[in-house]
Amino acid sequence: MTFEMYQKTLAEWAGCEKEKAELTEDERMKSIHLMKASMFSDMLTVLGKTEISGVRTGVIESILKTCISKQESFLKVCDFDSADREREKAEAIKRAMRLMKEETV
Amino acid sequence: MSDGLSVFKALADETRLKILMQLKEKDMYVELLAQRLQLTPATVSFHLKKLLAAGLVEQKRDQYYMMYSIKIDVLTLTIGQLAFPEENTQTKEALLESQYRQKVIKSFMPYGVCKTLPAQVKKRMIVYEEIFNHFETGKTYKEKEVNEIIGKIHEDFCTVRRAFIGLGWMTRENGIYTVVGIGNRNEMP
């Protein structure tokens, strides 16, 4: 997977999430879609660049672990909304990681 | 104290209103609310955070659960009180002022008699005002009458009488004193 291909796909995903955000009337889902759009267009693009080029590998995976750990912490304090956001973040990261490995996304 | 805007924003959602209606019945935890409203715990949690931020509900830990309860004191405020919070502040300030005034009167005028005038200007003005209330606005008094009225409250009637003139609360002409009123407040003479 070349970075250009990766970036193009992520831009498409970001656009798709923005569209979903516009279409939904649910306040919470809107903010989640916007969060994911922002992740695809900024954070995951930058992380993918360093990962694909081999400059700094393993960063994306450590962020994924942090998200999972945070999700558990939020569940302990009954903050289900924040826990669910962390789960959504983790899913987005996993999706980008699968794309990098050219697996089915 | 919740500010009006955040309260109105928090209330402008059907799900949040439903949550409040449930909480009005009894204190509940997220899962129970989710079950009752047929929503996901994450959705309920999201809306509860908004209600918490607006000060409409409060939370407390109860063993494994986070219990949420409605804050009735905020919900009983009128729309006017929420929309114009500065009026509440004014009322609060007036109340504090009144409490301070009562405290000064109690300290310097026990049983309606003032033995010593306060040295602090603000306190002395309160005592002067209290003494001045024994005069009728618009009425004229002879100097002897003025002295008698003041003398019943404070023995140094001359100082107080001169202060009333200096403050513009009374005018003097040919030994006759006319009560103008406290409305025309001047600075301390």
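Small disclaimer: the values here were computed from a predicted structure and weren't measured.

S.K.: Requested: an account of the pairing of strand β6 (residues 176–179) of chain B, with residues and values cited.
M.R.: Residue and element names in this part refer to chain B. Bridge count for strand β4 (residues 140–142) against β6 is 3 bridges, and the pairing is antiparallel. In the strand pairing of β6, threonine 140 is matched with threonine 178. Judged from the 4 bridges that link them, strand β5 (residues 170–173) and β6 form a sheet pairing that is antiparallel. When the sheet's bridge partners are listed, glutamate 173 is paired in β6 with isoleucine 176.

S.K.: So what's going on with the interface of chain A and chain B? Which residues, and what values?
M.R.: Counting residues at the interface gives 7 residues for chain A and 10 residues for chain B. Elements that contribute at least two residues to the side of chain A that touches chain B include exactly α2 (27–53) and α4 (80–100) of chain A. Considered class by class, the residues forming the side of chain A that touches chain B number 2 nonpolar, no polar and 5 charged.

S.K.: Kindly report on the environment of glutamate 22 of chain A, identifying the contributing residues and their values.
M.R.: All names here are of chain A. One can find glutamate 22 in helix α1 (residues 3–23). Take glutamate 22: there are 10 C-beta atoms within 10 Å of it, and that puts it in the exposed class. Sequence separation between glutamate 22 and histidine 33 is 11 residues, and the spatial gap between their C-alpha atoms is 9.0 Å.

S.K.: Give a description of the packing of α1 of chain A against α2 of chain A that names residues and reports values.
M.R.: Contact pair α1 of chain A / α2 of chain A: the axes reach a minimum separation of 7 Å and the direction vectors enclose 175°. Taken together, the axis directions place α1 of chain A and α2 of chain A in an arrangement best described as roughly antiparallel.

S.K.: Can you lay out the nonpolar core for me, pointing to particular residues and giving the numbers?
M.R.: If you look at the biggest cluster of nonpolar residues, it comprises 20 residues, and the most contacted ones within it are Ile19, Leu23, Val30, Leu48, Leu51, Leu56 and Val57 of chain B. Where this core is concerned, the elements lending two or more residues are α4 of chain A together with α1 (4–11), α2 (14–25), α3 (30–37), α4 (41–53) and β3 (65–70) of chain B. Among residues more than four places away in sequence, those in contact with leucine 51 of chain B are Ala10, Arg16, Ile19, Leu56 and Val57 of chain B. Grouped together as the second largest cluster of nonpolar side chains are 16 residues, Cys114, Phe132, Val146 and Ile150 of chain B included.

S.K.: Could you give an account of the packing of α2 of chain A against α4 of chain A, with specific residues and numbers?
M.R.: All names here are of chain A. At a minimum axis distance of 10 Å, the contact between α2 and α4 shows a crossing angle of 40°. Of the possible angle classes, the one that applies to α2 and α4 is oblique. In the crossing of α2 with α4, the sense of the turn from one axis to the other is right-handed. Along the contact surface, α2 presents Ile32, Met35, Lys36, Met39, Phe40, Leu44, Gly48, Glu51 and Ile52, while α4 presents Arg85, Glu88, Lys89, Ala92, Ile93, Ala96 and Met100. Classifying every residue of the contact of α2 with α4 gives 10 nonpolar, 1 polar and 5 charged.

S.K.: Now, about unusual backbone geometry: what can you tell me, with residues and values included?
M.R.: Residue and element names in this part refer to chain B. Despite not being glycine, glutamine 38 has its phi angle at roughly 55°, a positive value. Position of glutamine 38 among the secondary structure elements: in the loop between α3 and α4. You will see that asparagine 174, though not glycine, has its phi angle at about 50°, which is positive. In this structure, asparagine 174 sits in the loop between β5 and β6. For asparagine 174, a count of 4 C-beta atoms within 10 Å gives the class exposed.

S.K.: Describe in detail the sheet that holds β3 of chain B, supporting the description with residues and values.
M.R.: Residue and element names in this part refer to chain B. With respect to topology, 3 strands assemble into an open sheet ordered β1-β3-β2, the strand pairing being antiparallel. Looking at the sheet topology across the chains shown, the edges are occupied by β1 (28–29) and β2 (57–62). Strand direction decides the pairing type here: β2 and β3, joined by 6 bridges, are antiparallel. Looking across to β3, one finds that glutamate 58 is bridged to serine 69.

S.K.: Give me the lowdown on the sheet that holds β5 of chain B, citing residues and values where you can.
M.R.: Residue and element names in this part refer to chain B. On the basis of which strands lie adjacent, the open sheet formed by 3 strands has the order β4-β6-β5 and antiparallel pairing. For this open sheet the edge positions go to β4 and β5, each flanked by a neighbour on one side alone. Strand-to-strand, the axes of this sheet are offset by a mean angle of 30°, without reference to chain direction. Of the strands in this sheet, β4 and β6 are in contact with helix α9 (residues 143–151), which crosses β4 at around 90°.

The rules behind these values
Residues numbered from 1 in each chain as written. Chains lettered and ligands numbered in written order. Predicted model: local features only at pLDDT ≥ 70, side-chain atom pairs only at ≥ 80, totals over all residues. Pairing = 2+ DSSP bridges. Helix = DSSP H or I, 4+ residues; strand = E, 2+ residues; numbered from the N terminus. Contact = placed C-beta atoms within 7 Å. Nonpolar A, V, L, I, M, F, W, Y, C, P; charged D, E, K, R; others polar. Buried ≥ 20, exposed ≤ 12 C-beta atoms within 10 Å, placed from the backbone. Axes fitted to C-alpha atoms, helices over the stretch in contact; angles between N-to-C directions. Parallel < 35°, antiparallel > 145°, perpendicular 65-115°, else oblique. Core = buried A, V, L, I, M, F, W, Y, C linked by C-beta atoms within 7 Å. Left-handed = near helix turned anticlockwise from the far one by under 90°.

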